[in-house]
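# Understanding the architecture of this molecule
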Amino acid sequence: QVHFVESGGGLVQPGGSLRLSCAASGFTFSSSAMSWYRQAPGKERELVASIPGIGGSTNYADSVKGRFTISRDNAKNTVYLQMNSLKPEDTSVYYCNAGARRPAFGYWGQGTQVTVSS
């Protein structure tokens, strides 16, 4: 079955950096677009960044463009999110899923908490 395990979150000061990882299994990872989402308390889950399976270009939410970078390692079935210049408004639980514009699966992992605070 489909499985996502997110990791790498933590507490960081404004302006700091974190690198999130998501290990995926249960589907053909290498040919699947992958995305990162985030959900803050009381808010809907939002798409942060996506990367195609083969070819194409990455896409980012306007709020993170120029600060976040999504990448993948198909040999490890893992997608990453490098987050630089973090802001308090980036505080959320971050999740990954397959798909480019909407989640391909109804299953979600446990997510990883990112807290940006001084």
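First things first, this report covers the structure right here in the doc. Quick caveat, the model's predicted, so the values are computed rather than measured.

Criteria and thresholds
Residues numbered from 1 in each chain as written. Predicted model: local features only at pLDDT ≥ 70, side-chain atom pairs only at ≥ 80, totals over all residues. Heavy atoms only, no water. Core = buried A, V, L, I, M, F, W, Y, C linked by side-chain atoms within 4.5 Å. Buried < 20%, exposed > 50% of the residue type's maximum accessible area, 1.4 Å probe, protein only. Helix = DSSP H or I, 4+ residues; strand = E, 2+ residues; numbered from the N terminus. Contact = heavy atoms within 4.5 Å. Pairing = 2+ DSSP bridges. Axes fitted to C-alpha atoms, helices over the stretch in contact; angles between N-to-C directions. Polar contact = N/O pair within 3.5 Å; in protein donor to acceptor, adjacent residues only side chain to side chain. Salt bridge = Lys/Arg side-chain N within 4 Å of Asp/Glu carboxyl O. Disulfide = S-S within 2.5 Å.

## Considering the nonpolar core
- Met34, Trp36, Val79, Leu81, Met83 and Tyr94 are the most contacted members of the largest nonpolar core, which has 27 residues in total.
- Where this core is concerned, the elements lending two or more residues are β3 (18–25), β4 (34–39), β5 (46–51), β7 (68–73), β8 (78–83), β9 (92–98) and β10 (112–116).
- Per-element tally for this core: the top contributor is β3, with 4 residues.
- Setting aside chain neighbours within four positions, we find Met83 in contact with Gly16, Ser17, Leu18, Leu20, Arg67, Phe68, Tyr94 and Val114.

## Details of the sheet that holds strand β1 (residues 3–7)
- Spatially, β1-β3-β8-β7 is the arrangement adopted by the 4 strands of the open sheet, whose pairing is antiparallel. At either margin of the open sheet sits one strand with a lone partner, and together these are β1 and β7. Averaged over all pairs of adjacent strands, the angle between strand axes in this sheet comes to 15°, irrespective of strand direction.
- Bridge count for β1 against β3 is 5 bridges, and the pairing is antiparallel. When the sheet's bridge partners are listed, Ser7 is paired in β3 with Ser21.

## With respect to the side chain of Arg67
- Topologically, Arg67 is positioned in the loop between β6 (59–60) and β7.
- Only 2.8 Å separates the side chain of Arg67 from the backbone oxygen of Ser63, close enough to count as a polar contact.
- Within the structure, Arg67 has its side chain in polar contact with the backbone oxygen of Ser85 (distance 2.9 Å).

## Examining the pattern of salt bridges
- Enumeration according to the criterion identifies 4 salt bridges in this entry.
- Between Lys65 and Asp62 there is a salt bridge; the shortest N-O distance is 3.1 Å.
- We note a salt bridge from Asp90 to Arg67, for which the minimum N-O separation is 2.8 Å. One end of the pair, Asp90, is in the loop between β8 and β9; the other, Arg67, is in the loop between β6 and β7, and 23 residues separate them in sequence. For the pair shown, Asp90 and Arg67 are each scored as buried.
- One salt-bridge network, in which partners are shared between bridges, spans Arg38, Glu46, Arg67 and Asp90.

## A few points about the sheet that holds β6
- Taken together, 6 strands build an open sheet; the order of strands is β2-β10-β9-β4-β5-β6 and the sheet is mixed. With one partner strand each, in any of the chains shown, β2 (10–12) and β6 form the two edges of the open sheet.
- Sheet topology places β9 next to β10; 3 bridges connect them, and they run antiparallel. Bridge pairing links Tyr94 to Thr112 in β10.

## Quick notes on the state of the cysteines
- Summed over all chains, the structure comprises 1 disulfide.
- Two residues, Cys22 and Cys96, share a disulfide whose sulfurs are 1.7 Å apart. Within this pair, whereas Cys22 is found in strand β3, its partner Cys96 is found in strand β9, the two being separated by 74 residues in sequence.

## Digging into the environment of Lys87
- Residue placement: Lys87 occurs in the loop between β8 and β9.
- Residues Lys87 and Gln13, spaced 74 residues apart in sequence, show a C-alpha to C-alpha distance of 8.2 Å.
- With sequence-adjacent residues up to four places away left out, Lys87 is seen in contact with Arg67 and Val116.

Honestly, that's just the spatial picture; any functional story needs more than this.
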